[in-house]
Amino acid sequence: MSKVKLPDGSEIAANGITAGQLAEQIGPRLGKAAVAAKINGQITDLSTPINDVAEVKILTGKDAEGMDVMRHSCAHIMAEAICSIWPEAKLVYGPTVEDGFYYDIDLDEPIRPEDFEKIEKKMAEIVKADEPFVRKEMPRAEALKKLANDKYKTDNINRADGDVISFYTHGEGFEDLCRGPHIPSTGRCGAFKIMSVAGAYWHGDPTQKMLQRVYGTCWPTKKELDEHLNRLEEAKKRDHRVIGKQLDWFSFHEEGPGFAFMHPKGMIIWNEAVDYWRSVHRRYGYSEIKTPIILNEKLWHQSGHWDNYKENMYFSEIDGVGYAVKPMNCPGGCLVYQSRKHSYREFPMKVAELGLVHRHEASGVMHGLFRVRQFTQDDAHIFCNPEQIEQEIIGVIELTFEIYRTFGFDDFHIELSTKPQKHIGSDEIWETATNALEGALKHKEIDYKVNPGDGAFYGPKIDFHIKDCLKRSWQLGTIQLDFSMPQRFGLVYTDKDNTEKTPVMIHRAVLGSFERFLGILIEHYGGNMPLWLCPVQVRVLPISEKTNAYAEQVQSKLIKAGLRSETDSTDEKIGAKIAKAHGEKVPIMFVVGPKEAESATVNVRIRGAESSRTVALNEILKILGNNVVDKKQELKLE
RNA sequence: GCUGCUGUAGCUCAGUGGUAGAGCACGUCCUUGGUAAGGACGGGGUCGUGGGUUCAAGUCCCACCAGCAGCUCCA
């Protein structure tokens, strides 16, 4: 009689029984909740016998792994439902994804959102029938023969490892090639919902047939499903495209797809962010330049963009000569560098540029401010000698972290990408550069992930990723070492020994694109920006016309104190004015009536707070002024 | 770029072949009020663009443009 070890350390006799029976033995409730088992670290069906094994963990919907099994099984259930509705549908591939699953289906008739209910109804029937999932195994050759008429499944077999190919059956005759594992029976499937349908290429290859990808989500309980759907609703409410339109911050127009129009209030946020960005860069010893948007075609041949980036560029002609609209700032920066002689004494030379670049993105990829055809890069190029690389990288990392924190992002990580197969420059210089990047990260004791072979062809790079309040990850900053551009442009500096040498060029961006970053900020804060970034920081709300005069006095004091404010002197009641201000996400409201006018106070109401407080005008001006200067995330009256 | 869906008032949307609708916003008037939307009246639309079918098209068909979801892409 052998014993198995459970996750809590206890041991239990279990010979010749299945994992499912073991679960029953541990407790009937576990037996009922069990969806799969983890035997010696391997996730398997509950029907797997446990002989001579050391460790068993029974998985339920509460475990991430159990949930994954459940979602995969749910994909099969959906596949059966779809096949029963459209018998000609051919199944391709149905994996789990974050929060759910999808199934790629080859079916000429389009599946429409109206059909989801029908599919869900059929799925519910399958779940109710509680049919067991049954695993069948056969040798590869036999499986290939069995599925000879199905090119998709044949392809899946060819991509699978091992000599034994498995199939899963449930219900009446529904069978699918699958590695498994699965829940013991369809009744164990949790709460599900079909979410969407979209096209997807077979193998992600645009030359292959477009399949229909039906997305679903599945959770152990109805409650968790509802919570998930609520989270999606929340994310939808934070959509920067919706908020930007509602609050009159920016717009897009048919006349310029992918080109953002910034409105007055949006420009205030923009300019506040730029002012701050400049002040930090000045402090870190950067100078700033501005180079033209349209430059002679020849320049782009020289820079290599003509050969490597032409598809994404815009072109024009001036006096019969070809010009290109810049997709990057570096060639212009190189011309500035070239305009005079340089000495090693100037190094490191840090030159920033808020460069407006244009990239012709494919029509289907545009997305609000996140993906546009015209954007402002917060670019900079650092010219230095090889010994200075590490110190300069450290400087960029410090500057970058400082800026992220100020904007309210504390959760970030770094990835290092190393030499790709296709590269230019000697192994020696790659090693120096990569060591410099790694050295800087180690020196700063920063954890980082390595992406081997993911570097640019001209040099290794570091990427900065942040997480927003919904835990979504965004790549913002990047540091790229470039050995190509200085050579192509023949950039030199005079070294100590009076010889001319080629400088190292470091490209770096902190926020990446100002447009995109504004979008990320909006979604991070749900439009409720910290005070220093708010287009309107204070709105004065007189109780009635009788206090309009005092409201005007308060307003002028606010303006004098450098705070952006408005007065709502419409003939609405105070409750309506407050509701309106909330709707417009104004962070501070000053309610003023006869009482306040008499005592030189204002009744301060903070966006989202239930109560208000009467404070002396001079005092609140000081508090708000300090909050803005310190760029605080929160606003408190204490 | 590919697949599917969508396009009606400033915004959000209803309108399945027979004279264009609602709520919010906007304007005027009434109301002068104490903490999350007081009332009345009014202005506003060649229904994305261009073709076609029909006695008749916002509505049906085709093309184009733009947006949305996804795929591919983002050296």
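Scoring rules and cut-offs
- Residues numbered from 1 in each chain as written.
- Chains lettered and ligands numbered in written order.
- Predicted model: local features only at pLDDT ≥ 70, side-chain atom pairs only at ≥ 80, totals over all residues.
- Heavy atoms only, no water.
- Buried < 20%, exposed > 50% of the residue type's maximum accessible area, 1.4 Å probe, protein only.
- Helix = DSSP H or I, 4+ residues; strand = E, 2+ residues; numbered from the N terminus.
- Pairing = 2+ DSSP bridges.
- Near = heavy atom within 4 Å.
- Polar contact = N/O pair within 3.5 Å; in protein donor to acceptor, adjacent residues only side chain to side chain.
- Nonpolar A, V, L, I, M, F, W, Y, C, P; charged D, E, K, R; others polar.
- Contact = heavy atoms within 4.5 Å.
- Axes fitted to C-alpha atoms, helices over the stretch in contact; angles between N-to-C directions.
- Salt bridge = Lys/Arg side-chain N within 4 Å of Asp/Glu carboxyl O.
- Left-handed = near helix turned anticlockwise from the far one by under 90°.
- Arc of directions from axis to C-beta.
- Domains from an automatic or database assignment.
- Buried area = accessible area lost by both parts, 1.4 Å probe.
- Core = buried A, V, L, I, M, F, W, Y, C linked by side-chain atoms within 4.5 Å.
- Disulfide = S-S within 2.5 Å.
- 1 Å grid on protein atoms, 1.4 Å probe; cavity = no way out; pocket = protein on both sides within 12 Å on 5 of 7 lines; lining within 4 Å.
- Points joined across faces, edges and corners; volume = space filled by probe spheres on them.

**Regarding the pairing of strand β22 (residues 349-358)**
Within β22, nine of the 10 residues are buried, leaving the element largely enclosed by the surrounding structure. As judged from the two bridges shared by strand β18 (residues 287-288) and β22, these two strands associate in the parallel manner. Considered in β22, the bridge of S287 is made with V351. By the bridge criterion, 10 bridges tie β22 to strand β23 (residues 374-384) in an arrangement that is antiparallel. Residue pairing across strands places H358 opposite Q374, the latter belonging to β23.

**Considerations on the protein's contact with RNA strand B**
Around RNA strand B, the surrounding shell holds 49 residues, and the nearest of these are M328, S363, E545, D571 and R605. In RNA strand B, atoms within 4 Å of the protein come from the sugar-phosphate backbone in 49% of cases. Within the contact set of RNA strand B, a phosphate oxygen lies 3.4 Å away from a side-chain nitrogen or oxygen of E572. A distance of 3.2 Å separates a base oxygen of RNA strand B from a polar atom in the backbone of P594. Elements represented by at least two residues in the surface near RNA strand B include exactly β14 (191-201), β15 (210-219), α8 (240-246), α11 (305-309), α18 (574-583), α19 (594-599) and β34 (601-606). With seven residues, α18 is the single largest residue contributor to the surface near RNA strand B. Broken down by class, the residue content of the surface near RNA strand B amounts to 20 nonpolar, 14 polar and 15 charged.

**Notes on the sheet that holds β23**
If you walk across this open sheet you meet the eight strands as β18-β22-β23-β30-β27-β26-β24-β25, and the pairing is mixed. Edge strands, defined here as strands with exactly one partner in the open sheet, are β18 and β25 (448-451). Its contacts with the sheet put helix α13 (residues 389-406) on β22, β23, β24 (412-417), β26 (461-467), β27 (473-482) and β30 (504-513), and the angle it makes with β30 is roughly 10°.

**Things to note about the pattern of salt bridges**
Tallied over the entire structure, the rule returns 34 salt bridges. One salt bridge in this structure joins K146 and E175, with 3.0 Å as the shortest N-O distance. Of the two residues, K146 is situated in helix α5 (residues 140-146) and E175 in strand β13 (residues 174-177); the sequence distance between them amounts to 29 residues. On the basis of relative accessibility, which here comes to 40%, the residue K146 falls in the partly exposed class. The partner of R472 in a salt bridge is D468, with the nearest N and O atoms 2.9 Å apart. Here R472 falls in the partly exposed class, since its relative accessible area comes to 25%.

**Some remarks on the environment of S484**
As for its position among the elements, S484 is in the loop between β27 and α15 (485-488). With 101 residues separating them along the chain, S484 and K585 place their C-alpha atoms 48 Å apart.

**A word on the packing of helix α17 (residues 548-560) against helix α20 (residues 617-629)**
As a packed pair, α17 and α20 sit with axes 11 Å apart at the nearest point and diverge in direction by 35°. Once α17 is placed against α20, the crossing between them reads as right-handed. Touching V554, K557 and L558 of α17 are L617, N618 and L621, all from α20. Per-class residue counts for the contact of α17 with α20 are four nonpolar, one polar and one charged.

**Digging into helix α1 (residues 19-26)**
Burial in α1 covers these residues: A19, G20, L22 and A23. The buried residues of α1 occupy an angular sector of 160° when the element is viewed end-on, so they sit on one face.

**Looking at the domain arrangement of chain A**
One can read the domain layout of chain A as domain 1 (2-60), domain 2 (65-235), domain 3 (258-293 + 326-525) and domain 4 (531-630). Between domain 3 and domain 4, the C-alpha centre-to-centre distance is 41 Å. Taken residue by residue, the interface counts nine residues in domain 3 and seven residues in domain 4. The junction of domain 3 with domain 4 conceals about 690 Å² of combined surface from both sides, 74% of it contributed by carbon and sulfur atoms. The three residues of domain 3 that bury the most area against domain 4 are K265, I268 and E272, which together make up 59% of that side's buried surface. E566 is the salt-bridge partner of K265, the closest N and O atoms lying 3.8 Å from each other. Linking domain 3 with domain 4 are one residue pair in polar contact (both at pLDDT 80 or more), by the criterion used here. The element best represented in the side of domain 3 that touches domain 4 is helix α9 (residues 264-283), accounting for six residues. Here the side of domain 3 that touches domain 4 is composed, by residue class, of six nonpolar, one polar and two charged.

**Quick look at the nonpolar core**
The biggest cluster of nonpolar side chains holds 64 residues, and the ones touching the most others in it are I393, I403, Y404, F407, I462, L511 and M529. Considering every element that reaches this core, the biggest residue donor is α13, with nine residues. Residues from two domains meet in this core; each of domain 3 (258-293 + 326-525) and domain 4 (531-630) gives at least three. If you look at the next biggest cluster of nonpolar residues, it comprises 36 residues, including A89, F116, I119 and I126.

**So, the side chain of K326**
Along the chain, K326 falls in the loop between β21 (321-325) and α12 (330-338). Of the polar contacts made by the side chain of K326, one reaches the side chain of E353; its length is 3.1 Å.

**Some points on the sheet that holds strand β35 (residues 612-616)**
Sheet architecture is open: five strands sit in the order β32-β31-β33-β34-β35, paired in mixed fashion. Of all strands in the sheet, those bounded by a partner on one side alone are β32 (565-567) and β35. Adjacent strand axes in the sheet meet at a mean angle of 30°, parallel and antiparallel pairs treated alike. Note that strand β33 (residues 588-592) and β34 share four bridges and pair antiparallel. By the bridge assignment for β34, V591 is matched with N603. Lying on the sheet, α18 is in contact with β31 (538-542), β33 and β34; it crosses β31 at an angle near 165°. Against the sheet, α20 contacts β31, β33, β34 and β35, and its axis sits at roughly 105° relative to β35.

**Overview of the state of the cysteines**
Think of a disulfide as a covalent bridge from one cysteine sulfur atom to another cysteine sulfur atom. This model, assessed by the stated rule, comprises zero disulfides. Considering cysteine sulfurs only, C330 is the nearest to C334, which forms no disulfide, with 6.6 Å between them. In this structure C334 comes out as buried when scored by relative accessible area, which is 0%. In this structure C534 is not part of a disulfide, and its nearest cysteine sulfur, from C469, lies 15 Å away. Here C534 falls in the buried class, since its relative accessible area comes to 2%.

**Here's the deal with empty space enclosed by the protein**
According to the stated counting rule, one finds one cavity of 30 Å³ or more in the structure shown. Forming the boundary of the largest cavity are I269, W270, A273, F514, F517, L518 and L521. Put simply, the parts of the chain that give the lining of the largest cavity at least two residues each are α9 and α16 (514-525). With four residues, the single largest contributor to the lining of the largest cavity is α16. By residue class, the composition of the lining of the largest cavity is seven nonpolar, no polar and no charged.

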